[in-house]
Amino acid sequence: MADTTLDLCMALARAARSQEGAALAQTLDKLDAALAELRAAQAPDRLRAQHAHTFASSPEPVIVLDMAGYLTGWNRAAENLFGYTADEAIGQHVLFLYAEDDDSPGINELFLEEASAVMEVRRRKKDGEVIWVRMALSLINDDAEEPVGMLVHLTEVGAQLSIEDKVQLHARIIDESDQGVLITDGQERIVSINQAFTDITGYTAEDAIGQTPDLLRSGAHDAEFRARVRAAMRGEGPWRGEIVGRRKNGELFPQSVTISVVRDERGHITHTFSIFSDISVHKDAEARMQRMANYDNLTGLPNRNLFGQLMGQALTEARRSHEYGALMMIDVTRVGSVSDTLGHDVANELIIEVARKFRATMRDADILARLEGTRFAVALPHIEKREHAGIVAQKLIATLVQPVQLAAHTLQVGANIGIAVFPEDSLDATSLLRFADVAMGKAAQAGDAGFLFYREEMDQRAKEHLRLETELRHALSTRQLELHYQPKVSLRSGRIVGAEALIRWRHPEKGMISPGVFIPLAEETGLILDIGSWVLEEACRQIKEWKDAGLAMPPIAVNLSARQFDPGLPRRVSDVLDRYAVSPEQLMLEITESLLVRGADTVVSIMNELVAMGLALALDDFGTGYSSLAYLKKFPISTLKIDRSFVIGLPYEENDCAIARAIVTMAQQLRQEIVAEGVETAEQMAFLRDLGCDQLQGYLFSAAVTADEFVRMQTEGQRLAFGR
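In this report, the structure presented in the accompanying data block is examined. (Residues numbered from 1 in each chain as written. Predicted model: local features only at pLDDT ≥ 70, side-chain atom pairs only at ≥ 80, totals over all residues. Heavy atoms only, no water.)

### Some thoughts on the overall build of the protein chain
If you tally the helices and strands in the protein chain, you get 27 helices and 26 strands. Considering the protein chain as a whole, with its 724 residues, one finds that 44% of them fall into the buried category. Sequence-distant contacts in the protein chain: of pairs separated by 6 or more residues, those separated by 24 or more amount to 58%. Accessible surface, the protein chain as shown: approximately 37600 Å² in total, 51% of it carbon and sulfur. (Helix = DSSP H or I, 4+ residues; strand = E, 2+ residues; numbered from the N terminus. Buried < 20%, exposed > 50% of the residue type's maximum accessible area, 1.4 Å probe, protein only. Contact = heavy atoms within 4.5 Å. Areas by Shrake-Rupley, 256 points an atom, 1.4 Å probe, with all protein chains shown as cover.)

Here's what the structure looks like:
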């Protein structure tokens, strides 16, 4: 058959060479049909066999094309759809099914872009009717995976709507939509709403038509946000986002909104439409999901996920500010035993109570999280010293010393704590958690509840810090503290005119411990209040003892911590003076510059009360803090003490000389007495004396001495030798 068809094609080609007009066109049509028949006869046998079952079994129209677009397969359903039999269709090019005005892409071009596709196109049936069909096309490959044809599944779809039907359908969709629709005209007046708008906002068409969208304005958004929305309404592009609206009853509600405009043929805006949904339920669900994702269900504390985020923020801030911080891992002990004996519910109540105790112990800025089970984590984003983390750990452990009372049960638990410090140990949250976990494990191995730093030297330093605090508390109650007195001498007469009471700690094993070691510790732990009270008591007791012995001693100066300076201070000082029958003129109170920047009105009021009692006030360490002439004019201070840091360079350091000269000149103008601290050389003394400084205090004359030694110096009339 193929040979016969080929011979026919050749004969038709020869005939066409000598023909013109209609005869030529008729001959070419016959030639085209013969070639199509020849192509169909030569289609790969494998292709026909591979898809034969598809034509027989598929209830939907299926056709097969070769790679040039000629039909090689046509099933019964395709006959029913288009009206062409298989004999009429096979061998034809697929273009014979195209509607005259169809501008969809050709099949060849389509398959050059992708291996499969789905599209809707218009096609013409045998009787001339044009229908819409959905085509699902896919390549047919040979054994070498080379494309040899196309398989096309066809589905008839409904006819396209007329413009009138489309308008009616769209109107019904808008009216029946569960999304609110708001349409405004070119003057931003509402011209149409749907039923969902009324359901969501409470405003009926009578309420809304003629109004502006400000009808729903809640006042929750700033001017910049409103400007972006107005810009969309003026046609600067569609806008999509969330807006808080106000219902007719005044209730606020979140809504998801899309705003677009409609333009006429000239591009002018005729209408603006807003489509919105009430997302209150979604927001509530989102908040619940957010809480479930970030917070522990039992305690309400941040969970591991949120703790990691908060730690990341803290570490970012630490990098920027170069501050210290710490991360603690805490394992609460003996909860498992409670669960085994009293049940899971009691164990859960115990964990909740432990979490409450921990939270009450910490600062607001500190972060407490429950990681899992009995494990908690604590982040201390800002600590002044690394050892402070140990102080916090000790406080957390101390909260569990007393048994926890739950209904009829008295339960005892403890805690093991591991501490990692940043930036020293790491600036990575995961690493810090791992290091703290390692330290916690080692702390647990020690047996008793306690804490351990990740680095051994840090642990030793923190333990020493805490040991010193414990010993200092013990020293207060066992009279290990004592006062020594450093004389103040006049730069006019050389005589002793006063003394400063300085605290000393005579440790039974370590000997004398410098105030530079334990006073900062006392400030950090709050022990300074007890120590300050003891110093005031001891100084007044000593003054009374000297008075009872008939000794004429000069005034004694006592240092006050800023922590002691509160409205109750005048009453406490008055009580001590009365108890020991000490005259106010025999006592001077020394304060530091840092006190002056704390609530000036309150500080001035307290100072005035003290001065009204007859006490003199001295400003210690002048020049190292925040003092200014305005402060000195405001506060009732009678004495300025030049800090030793400015004295040490006299008379050779030009800057120190200039500062000392300025302080003396200023104090003279304010009629204040001037005392120079830390004077150790005759050259320093001579320079200060020439400036007009009133007194000196320092090793040039005497270090701080015991009470008995100070009495001896006073009774023997020991004097400063000026040397010129």
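Here the narrative resumes, following the displayed structure.
### Considering the environment of phenylalanine 565
If you trace the backbone, phenylalanine 565 turns up in the loop between strand S21 (556–559) and helix H21 (569–580). Along the backbone, phenylalanine 565 and threonine 602 are 37 residues apart, and their C-alpha atoms lie at a distance of 9.7 Å.

### Quick word on the pairing of strand S22 (residues 587–592)
S22 sits mainly inside the fold: five of its six residues count as buried. As paired elements, S21 and S22 share four bridges and run parallel to each other. Across the sheet, isoleucine 556 pairs through a bridge with leucine 587, a residue of S22. Where S22 lies against strand S23 (residues 616–622), five bridges are found, and the strand directions are parallel. Bridged to isoleucine 591 within S23 is leucine 619. (Pairing = 2+ DSSP bridges.)

### Some points on the pattern of salt bridges
Taken as a whole, this structure holds 33 salt bridges when the rule is applied. Put simply, glutamate 79 and arginine 76 hold a salt bridge, and the shortest N to O gap is 3.8 Å. Here glutamate 79 pairs with arginine 76, and both are found in helix H5 (residues 76–82), just three residues apart, close to one helical turn. Exposure remark for arginine 76: the relative accessible area of 58% places this residue in the exposed category. The partner of glutamate 120 in a salt bridge is arginine 134, and the shortest N-O contact between them spans 2.7 Å. Separated by 14 residues along the polypeptide, glutamate 120 in strand S3 (residues 116–124) and arginine 134 in strand S4 (residues 130–141) bring together distant segments of the chain. By relative accessible area, which is 39% here, glutamate 120 ends up partly exposed. Using a relative accessible area of 34% as the deciding quantity, one classes arginine 134 as partly exposed. (Salt bridge = Lys/Arg side-chain N within 4 Å of Asp/Glu carboxyl O.)

### Looking at the packing of helix H13 (residues 304–321) against helix H17 (residues 429–445)
Running from amino to carboxyl end, H13 crosses H17 at an angle of 110°, the nearest separation of the two axes being 9 Å. Between H13 and H17, the crossing angle belongs to the class labelled roughly perpendicular. Side by side, H13 and H17 meet where Arg304, Phe307, Met311 and Leu315 of the first sit next to Ala429, Leu432 and Leu433 of the second. Class assignment for the residues of the contact of H13 with H17 results in six nonpolar, no polar and one charged. (Axes fitted to C-alpha atoms, helices over the stretch in contact; angles between N-to-C directions. Parallel < 35°, antiparallel > 145°, perpendicular 65-115°, else oblique. Nonpolar A, V, L, I, M, F, W, Y, C, P; charged D, E, K, R; others polar.)

### Here's the deal with the sheet that holds strand S7 (residues 190–193)
Taken together, the five strands give an open sheet; going across it, the order is S7-S6-S10-S9-S8, and neighbouring strands pair in antiparallel fashion. Lying at the two open borders of the sheet, with one neighbouring strand each, are S7 and strand S8 (239–246). Ignoring which end each strand starts from, the neighbouring axes of this sheet average 30° apart. Relative to strand S10 (residues 269–278), strand S9 (residues 252–263) runs antiparallel, the two sharing nine bridges. Across the sheet, residue serine 260 finds its bridge partner in S10, namely phenylalanine 273.

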